[in-house]
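Read off the chains here:
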Amino acid sequence: MYLNRIVQKRELEQFESSLADHQKAIMADGLTIVERGVLEHNMVAVSHLYTSIYFTQLGELLGVVDAMKAEKVAAKMISDGSMSGSIDEVEGILRFHPSKAKVE
């Protein structure tokens, strides 16, 4: 994880401006590979800062997605084991569970 911090949207845009066109291809989920990677990185960074967060707040914090997209990404990350947490769909909250995984 990059310095255990959230990568801001302007930093992502600055980095993407240095990429070639083929590196900016939009994937099926509507994000570029870089956006997807930064989004997942930021989701893990948020899990170190919060114990729970509303998806509306999470979407704002992440800067590149809305609440619905943030929920979909969180669900995928939880299901594939890259993040430990649970989703309360009724309340619209993501609850992070402490992970025993080693942070690199």
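Counting from 1, residues in each chain are numbered in the order their sequence is written. Since the coordinates come from a predicted model, pLDDT governs what is reported: local features require at least 70, and pairs of side-chain atoms require 80 or more to be given and counted, while whole-chain, interface and lining totals use all residues. Neither water nor hydrogens contribute to the side-chain values; these are computed over all heavy atoms in the structure.

## Comments concerning the pattern of salt bridges
Opposite charge on two side chains permits pairing when their charged atoms draw close. Put simply, the rule reads: Salt bridges are counted wherever a side-chain nitrogen of Lys or Arg sits within 4 Å of a carboxyl oxygen of Asp or Glu. Note on classification: 1.4 Å probe, protein chains only; a residue is buried when its accessible area is under 20% of the maximum for its type, exposed when over 50%, partly exposed between these limits. A run of H or I in DSSP counts as a helix once it spans at least four residues, and a run of E counts as a strand once it spans at least two, with each numbered from the N terminus.
For the structure shown, the criterion picks out five salt bridges. The residue Arg5 makes a salt bridge to Glu11 at a minimum N-O spacing of 2.6 Å. Given the relative accessible area of 21%, Glu11 is considered partly exposed. Salt-bridge contacts for Glu40 lead to Arg36; the nearest nitrogen and oxygen are separated by 3.3 Å. Here Glu40 and its partner Arg36 are both found in helix α2 (residues 33-49), four residues apart, which amounts to about one turn of the helix.

## Things to note about the pairing of strand β3 (residues 93-96)
The condition that has to hold: In short, DSSP must find at least two bridges between two strands for them to pair.
In this structure, strand β1 (residues 52-54) lies alongside β3, joined through three bridges in antiparallel fashion. For Ile53, the partnering residue across the bridge sits in β3 and is Leu94. Linking strand β2 (residues 85-88) to β3, which pair antiparallel, is a turn of four residues; within it Gly92 sits at a positive phi near 70 degrees.

Taken by themselves, the reported measurements are silent on function.
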